[in-house]
Amino acid sequence: MKLKKPVLWIIFGVVLLSFAALAVWASSYTPKTPRASDAWSRGQIIGQTPIKRRVALQSALDGGVFLVWPNLSGRLELARIGVDGEVLLSRTLPLDTQKPRDPQLQVGLDGRLHLLWREEGEPPASVRYAVLEADGIPVGQPQVISGPASRVLEAPRLVRAKDRLHALWAEEAGVYWAVLGQEGSTLEGATFLIPGGERLVAQMDDEGRLHLVWQQDLGVNTRGIYYAVLDLDEGKLGDPEEITQLVLGGRLRLEEVALGLSPDAGYVFWSDYDQGFDRYRFQYAFFPLDLPQQKQVSQWRLKLGDGPPAISPPDGQQTPLRVALTERMLGSRQTIELQIAVITTGQGDAEEQVVTASTQASMKPVLIADERSHLHLAWLDSGGFGRYRVVYASTAPEVMEKYNTPSLWDAANAVFGNVFRLSTVLVGLVASFSMWAVVPLIGLVVYHLVTSEETLDTVRSRVALGMVLAVEVALTFALPPRIGVEAAWPALRW
């Protein structure tokens, strides 16, 4: 029974509309990035940024996390992620900004958000401070806390000690320090702290002491890394301890310096990169917190990858101390990929755990730990020219359950992905069939020219055909199909 033309057109229209609806739904759905560890959730894409700089990530008092980053329109954007990983809030902050960079975030005891950032452009780059309600509404007006004629060079730092906040930043003359109030005011004006200091990192310990690490130029191509403790009550900086000196030549550059704290020890991490040999060197110094003079410097050999270009310990004293890294490693497509890993310091062999398995380059991790000792991680995935995707993942059970549960999009993506792979397999098999048949075909042509036989009436012709088939089968083993066939499909390949 033949279908009438109107029925065929109706079926064709239904199929076409179904594919169109599926395409619209797929374009509006935000996929999750794959994970490499069962201890972590998949990564949820939260937003996009044009800047390859770290986002701000902090735990909320009632669970979940806050994230802040510069969005594609050149404004600061705030996202609130719930305990179960649900995006509860995502909004552009109503702040007067043009080129905000390097946001720093702290959550006050009253739940308000304290935001510090570097504003680029004209006049010269400055440090600005604002207090926000938990929904992103500003409390009062943002304040410029750096000097009117100053030029802030790098990312500022914002740390909280009980009921006060402390801002630190580097200008051309060195490092400055200011004490901030809960309502957005400056309790104490900027204090010149470290002459010539730059690229400062800071950590607050459980006793309210502020630990600082900074870099300083010591001469031609020579850079020093220093450590000291700032007495917040007296406003005095302890005697600086030189951690190391580095001779940086034309092909050797210092990638990043970071500071981590455990209950009884301090860790200074740094990484340098040799462009000539395309090789990283990952080093660290550890010392008792009260005796930095007893430092020991060692080299950390990563087991799973090479690097790191980026280092990120969590805030405060942690037991054990974990550090997020960007590592170069060999991916599933046999190419070098950038992935995020977490290492755990401690006695004996340290643990090294790769977290992400994205096909895009994963960079600039930020790692924090909440009150339940669950880890939260934010990073950037490359998303095209001048674009980076802000991604969030966690070890919290609620987030893992939500993010790791297969969805309809995962099923559709798997189906259409395999259909596409099958199409490339078919193309590869056509080429392979041609390659396998060339030699047997030439053999048959030579046999025909010599004997003029065209049928299988004789034993000789049957033996010739059997030999040709044997040669073709042997060629399928000697030259297996490779064009368009992935190693993940060994059964199909055989």
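Residues numbered from 1 in each chain as written. Predicted model: local features only at pLDDT ≥ 70, side-chain atom pairs only at ≥ 80, totals over all residues. Heavy atoms only, no water.

A.B. asks: How do you make sense of a nonpolar patch on the surface when you look at a structure like this?
C.D. replies: Judged by side-chain polarity, Val-438, Val-439, Ile-442, Val-446, Val-450 and Val-471 come together as a nonpolar surface patch covering roughly 520 Å² of accessible area. In terms of residues, the nonpolar patch owes the most to one element, helix α3 (residues 408-451), which gives five residues. Looking at the element boundaries, Val-438 is found in helix α3. Note on Val-438: relative accessible area 45%, which makes it partly exposed. (Patch = residues over 30% accessible without salt bridge, like charges linked within 9 Å, V, L, I, M, F, W, Y side chains within 5 Å. Areas by Shrake-Rupley, 256 points an atom, 1.4 Å probe, with all protein chains shown as cover. Salt bridge = Lys/Arg side-chain N within 4 Å of Asp/Glu carboxyl O. Helix = DSSP H or I, 4+ residues; strand = E, 2+ residues; numbered from the N terminus. Buried < 20%, exposed > 50% of the residue type's maximum accessible area, 1.4 Å probe, protein only.)

A.B. asks: Would you mind showing me how to read the environment of Arg-118 here?
C.D. replies: Among the structural elements, Arg-118 can be located in strand β8 (residues 113-119). For the pair Arg-118 and Ala-155, spaced 37 residues apart in the sequence, the C-alpha separation amounts to 6.5 Å. Contact partners of Arg-118, with chain neighbours within four places excluded, come to Arg-53, Lys-99, Pro-100, Arg-101, Asp-102, Ala-125, Ser-126, Val-152, Leu-153, Glu-154, Ala-155 and Pro-156. Side-chain polar atoms of Arg-118 contact the side chain of Asp-102, separated by 3.0 Å. (Contact = heavy atoms within 4.5 Å. Polar contact = N/O pair within 3.5 Å; in protein donor to acceptor, adjacent residues only side chain to side chain.)

A.B. asks: Just checking my understanding: could you explain unusual backbone geometry for this structure?
C.D. replies: Trans is the common state for peptide bonds, and a negative phi is the common state for residues other than glycine. With an omega of 10 degrees, the peptide bond between Gly-307 and Pro-308 qualifies as cis. Note on placement: Pro-308 falls in the loop between β23 (296-300) and β24 (311-312). Put simply, Thr-319 and Pro-320 share a cis peptide bond, and its omega is -10 degrees. Take Pro-320: it is sitting in the loop between β24 and β25 (322-330). Phi is positive for Arg-199, close to 50 degrees, though the residue is something other than glycine. The residue Arg-199 is located in strand β15 (residues 198-204) in this model.

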